[in-house]
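Summary of the model geometry
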Amino acid sequence: MNLANWLWQTAQARPDLAALILGDRVLCDYRGFVQRVQERAGRLAASGVGLGDRVVIYAYNHPDYLVALY
């Protein structure tokens, strides 16, 4: 299964469910998670990254890593 499809389907089914949590703090729900992912993808596309291109993620262990991953 494509991870992006899984995220999209979960966001459609349960948009208000907590998606990103840091400690005991909810950072965003699935609706917000998908929005963050779409914004990041848009910035990558605008900078010239296309389908099939490889991108390196060099980051600390943080929920923003998941946004970059998706």
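Residues numbered from 1 in each chain as written. Predicted model: local features only at pLDDT ≥ 70, side-chain atom pairs only at ≥ 80, totals over all residues. Heavy atoms only, no water.

1. A word on the nonpolar core
Formed by L7, A11, L20, C28, Y30, F33, V34, V37 and V67, the largest nonpolar core amounts to 9 residues. Breaking this core down by element, the ones donating at least two residues are α1 (3–13) and α2 (30–46). The element contributing the most residues to this core is α2, with 4 residues. Sequence-distant contacts of Y30, that is, excluding residues within four places in its chain, are made with W6, L7, T10, A11, R14, P15, L17, A18 and A19. (Core = buried A, V, L, I, M, F, W, Y, C linked by side-chain atoms within 4.5 Å. Buried < 20%, exposed > 50% of the residue type's maximum accessible area, 1.4 Å probe, protein only. Helix = DSSP H or I, 4+ residues; strand = E, 2+ residues; numbered from the N terminus. Contact = heavy atoms within 4.5 Å.)

2. Observations concerning the confidence of the model for the chain
Taken residue by residue, the chain gives an average pLDDT of 93. The fraction at 70 or more is 100%. Summarising per-element confidence for the chain, the mean pLDDT is lowest in helix α3 (residues 63–69) (91) and highest in α2 (96). (pLDDT = per-residue confidence, 0-100.)

3. A short note on α1
Restricting attention to buried positions, one finds in α1 the residues L7, T10 and A11. Within α1, the buried residues cover an arc of 100° as seen down the axis, which keeps them to one side. Among the exposed residues of α1, those pointing more than 90 degrees away from its buried face are Q12 and A13. Turning to α1, the residues buried within the fold contact α2. One side-chain oxygen at the N-terminal end of α1 lies 2.7 Å from the backbone nitrogen of A4; it belongs to N2. (Arc of directions from axis to C-beta. Polar contact = N/O pair within 3.5 Å; in protein donor to acceptor, adjacent residues only side chain to side chain.)

4. Examining the pairing of strand β2 (residues 25–29)
Pairing of strand β1 (residues 18–22) with β2 involves 4 bridges; the strand directions are antiparallel. Looking across to β2, one finds that L22 is bridged to R25. (Pairing = 2+ DSSP bridges.)

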